[in-house]
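So the chains spell out like this:
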Amino acid sequence: MDLLINPIVKNFLTTKIENNNDWNQSLLFWGEPDLGKLTTAKLFAKSLLCMQNKIGGCDQCESCNFFDNQWHPDYLIIDFQGDTIKVNDTLPIFDFLLYKPQISKKRVLIINNCEKLNIETQSSLLKTLEEPKNNTIIILITTNPQKLLKTINSRLLSI
């Protein structure tokens, strides 16, 4: 996790990776643009999915190889570039969350630019954030957490 500049964040995420089995919390990575939030989230996801439970991934196990080749069945990244994210745009999210992990112990979902979720879409995601499955980690990334519903923010651990 050498990419992390903030030592408090680095220590927190490292501890969570080392204690992989007791981790069941949705996260909100927020801050200024170009701070490295998405890069950090991806590195954290790879670490959680690694079969060796190694920080940054071991780069040798099947899980790390799948992750590096961008077709890991237990990992989904949604990176919306449009102005607004509607419910129909998020259907892959709910399909992904239906299944148990296939290779790793966890499934990791990253939603980048989550401030673009419209109110209806945020509401549809709320139930999932309220009662996440024990084998799923959800990471939302934003530059503007104030654009999220207060109920969404209250269910996320802010990083």
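Rules behind the numbers
Position labels on residues start from 1 in each chain and follow its written sequence. Only residues with pLDDT of at least 70 are given local features in this predicted model, and only at 80 or more are side-chain atom pairs given and counted; all residues enter the totals for whole chains, interfaces and linings. To obtain the side-chain values, all non-hydrogen atoms of the structure were included, while hydrogens and water were left out. Nonpolar cores are built from buried Ala, Val, Leu, Ile, Met, Phe, Trp, Tyr and Cys residues. Side-chain atoms within 4.5 Å join them into one set. Using a 1.4 Å probe on the protein chains alone, a residue whose accessible area is under 20% of its type maximum counts as buried, one over 50% counts as exposed, and one in between counts as partly exposed. For helices the rule is a DSSP run of H or I covering at least 4 residues; for strands it is a run of E covering at least 2, with both sets numbered from the N terminus onward. Residue contacts are defined here by distance: any two heavy atoms, one from each residue, within 4.5 Å place the two residues in contact. The directions from the helix axis to the C-beta atoms are what the arc is built from.

Draft legend 1. How the structure looks around the nonpolar core. Formed by 20 residues in total, the largest nonpolar core has its most connected members in Leu109, Ile111 and Leu140. Mapped onto this core, the elements with two or more residues apiece are β2 (75-79), α4 (91-98), β3 (107-112), α5 (119-130) and β4 (136-142). Discounting residues that sit within four places of it in the chain, Leu109 has contacts with Leu76, Ile78, Ile93, Phe96, Leu97, Ile137, Ile138 and Ile139. Leu27, Ala41, Leu48 and Ile139 belong to the second-largest nonpolar core, a separate cluster that totals 16 residues.

Draft legend 2. Quick look at α4. Those residues of α4 lying buried are Ile93, Phe96 and Leu97. In a view along the axis of α4, the buried residues occupy a sector of 95 degrees, so they form one face of it. On its buried face, α4 sits against β2, β3, α5 and β4.

Draft legend 3. Structural view of the environment of Leu76. Looking at the secondary structure, you find Leu76 in strand β2. Remark: the alpha-carbon pair of Leu76 and Ile111, spanning 35 residues in sequence, is separated by 8.5 Å. When neighbours within four sequence positions are excluded, Leu76 is seen to be in contact with Pro92, Ile93, Phe96, Val108, Leu109 and Ile110.

In short, shape yes, function no, at least from these values alone.
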